[in-house]
Amino acid sequence: MSPHSPVKAARRTLIWLGVIFAALALTLGGGTMWGNASWAPKLALDLEGGTQMILAPKVQGGGEEITQEQLDQAVSIIRQRVDGSGVSEAEITTQSGRNVVVSLPGIPDSETRDLIQASAQMEFRPVLMRAPAPAAETPTPEDQLMTPTAEPTNGSDLNWVTPELQKKFESLDCTDPKALEPAAEPADPDKPMVSCEPDTGSKYILGPVAVPGTAIETAGFGLQTNSQGQTLNEWAVNIDFNGEGTDKFKEVTERLYAFGQMDPRNQFAIVLDGTVISAPTTNAVIPDGKPSISGSFTEESAAALAEQLKYGALPISFEIQSEQQISATLGADQLRLGLISGVIGLLLVAVYSMFQYRMLGLVTIASLVVAGVLTYLSIAILGWTQNYRLSLAGVAGLIVAIGQTADSFIVYFERIRDELRDGRGMVSAVENGWRRAKQTVLASKAVNLLAAVVLFFVAVGSVRGFAFTLGLTAIADLIVVFLFTHPVMQLLAKTKFFGGGHRWSGLDPRLLDVVPLYRGAGRLREPSAAAGQADAADAKPVRTRNKSASKEAERRMTIAERRKAEGAERNVYAGSNSAPKEENK
């Protein structure tokens, strides 16, 4: 390997890091100029304040009382709608067992208000056409598009498919997250629609509503049984329709069953808020209104579908009873104190690094600054693209990450020092130390990232903000260590100040008790102050500055050196015994 190759590799790596920073800065700058982005991160409800809406539930048809269980399910549906990304820090609770209180950061737009007020629309629609994932396909030529030849006679009639509907179906990409977002307005129940199934990525053309979700009386799940009443090791979801739903579902299954197993029109789609949650096939006519949906269910997935069927069809919509602007619950003072805590933590790390590593601590400080800028740009871009809002818990995650980030640099520097203590040169110590340190750094950050992911998906509320920033900083730390800290050390190893082991560099061999490098069984090493040296007159070792280093030097003696020392000791012993004999003579 050329002696200049590490330097060239380091420069190329630093250039790539600069490209990453330039791309992030240009992205955010472009969003600021031509979009609604901002250089400042968005703040959550506890730091910025926002809008509080008190929603009064309304039952379609009137006269029914809403139970606490129904209200809790409604809260869950609203949370899924307004907090789809999981990081927007919205607060949704119930009040007095009757109303729902929604607190959103900032001022919600009209689409968000419509989404909150809309009822959960559960529908059963027959399938007209289906296309599996992926969605990419060659558009049908204009002259080959399906054109209705007569008025549709039932919900499974292909005359519902118009050229415009077929084009919309072909252009729909169910792998795009935007295609899965709930529509601001529910689809017309008397007209066909296109929809996606998130679990499989399939897309559908669905006929008009055959059975409304309000016809579901209850739903549950359990192990499937066969015709002899024996329990099978397969989970199934069981539905009970009311009287009207039983008649309609019997009519639908008679029609769908006649198409046969190979025709997609044999399927009926269960649609919730415009999205297909399941599309089972019809294996028999169901006259009693008690269908059973089977398939590759686990206990958890069967329970989840049963909950959606049981409560997703609630005929509940919400009316905004009151709306008011609320101040931050913690506010600017708490944010200022949090930032002060972060600055104090950063200063303490800087002081420790300078005390422990002398001028090498400047690399730690520079790496922390680079990691901070990278994290800041990422948070600002996520606020623009994913509506991420920084809460006080998120700020706490950033402060905790300062120490975890510094750990990576300490591990690396100590590995370099260990290599120097073994007698290696500076360039070799940097490369060998990096090979040993990066495995430890990767393992440490993998544990941090795994803990952050688990905490994010298990926790609720502001704790998720803490987990999110903790995971984000772990990724930023890896990028900085690999693309900044190591390349910088490769360049510094070539300088006279660090490579020569200046006493203020933090890499002074005299302060590290460097042991000379082993040079082979038949070669003698040059004497060094750290290892001690033999005096030619009396063959007694000179006292070294450090006893532990002297012992280490003796342990690392070559065979030739060991034989020479043993010979010197024998000569000294023989000389001391021969003196009395000469006097006797």
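Caption draft 1: Spotlight on the environment of Phe249. With respect to the helices and strands, the residue Phe249 is situated in helix α6 (residues 243-257). According to the relative accessible area criterion, Phe249 is buried, its value standing at 2%. Note: C-alpha distance between Phe249 and Gly289 (40 residues apart in sequence) is 6.5 Å. Apart from the residues lying within four places of it in its own chain, the contact partners of Phe249 are Val211, Phe241, Phe268, Ile286 and Pro291.

Caption draft 2: Fine view of the pattern of salt bridges. Evaluation of the coordinates by the stated rule reveals eight salt bridges. A salt bridge links Glu244 to Lys248, with the nearest nitrogen and oxygen atoms 3.2 Å apart. Taken together, the positions of Glu244 and Lys248, both in helix α6 and four residues apart, correspond to about one turn of that helix. Relative accessible area serves as the criterion here: at 52%, Glu244 is assigned to the exposed category. Residue Lys248 is classed as partly exposed on the basis of its relative accessible area of 29%. In this structure, Asp418 and Arg421 form a salt bridge, with 3.1 Å as the shortest nitrogen-oxygen distance.

Caption draft 3: Summary view of the packing of helix α10 (residues 392-421) against helix α12 (residues 463-492). Across the interface, α10 lies against α12 with an axial gap of 8 Å and an inter-helix angle of 30 degrees. Compared by their axis directions, α10 and α12 come out roughly parallel. The way α10 lies across α12 gives a crossing that is right-handed.

Caption draft 4: Layout of the environment of Thr218. If you trace the backbone, Thr218 turns up in strand β8 (residues 216-225). In sequence terms Thr218 and Asn242 are 24 residues apart; their C-alpha atoms lie 8.8 Å from each other.

Rules used throughout
Residues numbered from 1 in each chain as written. Predicted model: local features only at pLDDT ≥ 70, side-chain atom pairs only at ≥ 80, totals over all residues. Heavy atoms only, no water. Helix = DSSP H or I, 4+ residues; strand = E, 2+ residues; numbered from the N terminus. Buried < 20%, exposed > 50% of the residue type's maximum accessible area, 1.4 Å probe, protein only. Contact = heavy atoms within 4.5 Å. Salt bridge = Lys/Arg side-chain N within 4 Å of Asp/Glu carboxyl O. Axes fitted to C-alpha atoms, helices over the stretch in contact; angles between N-to-C directions. Parallel < 35°, antiparallel > 145°, perpendicular 65-115°, else oblique. Left-handed = near helix turned anticlockwise from the far one by under 90°.

Shape is all these values report; function is a separate question.
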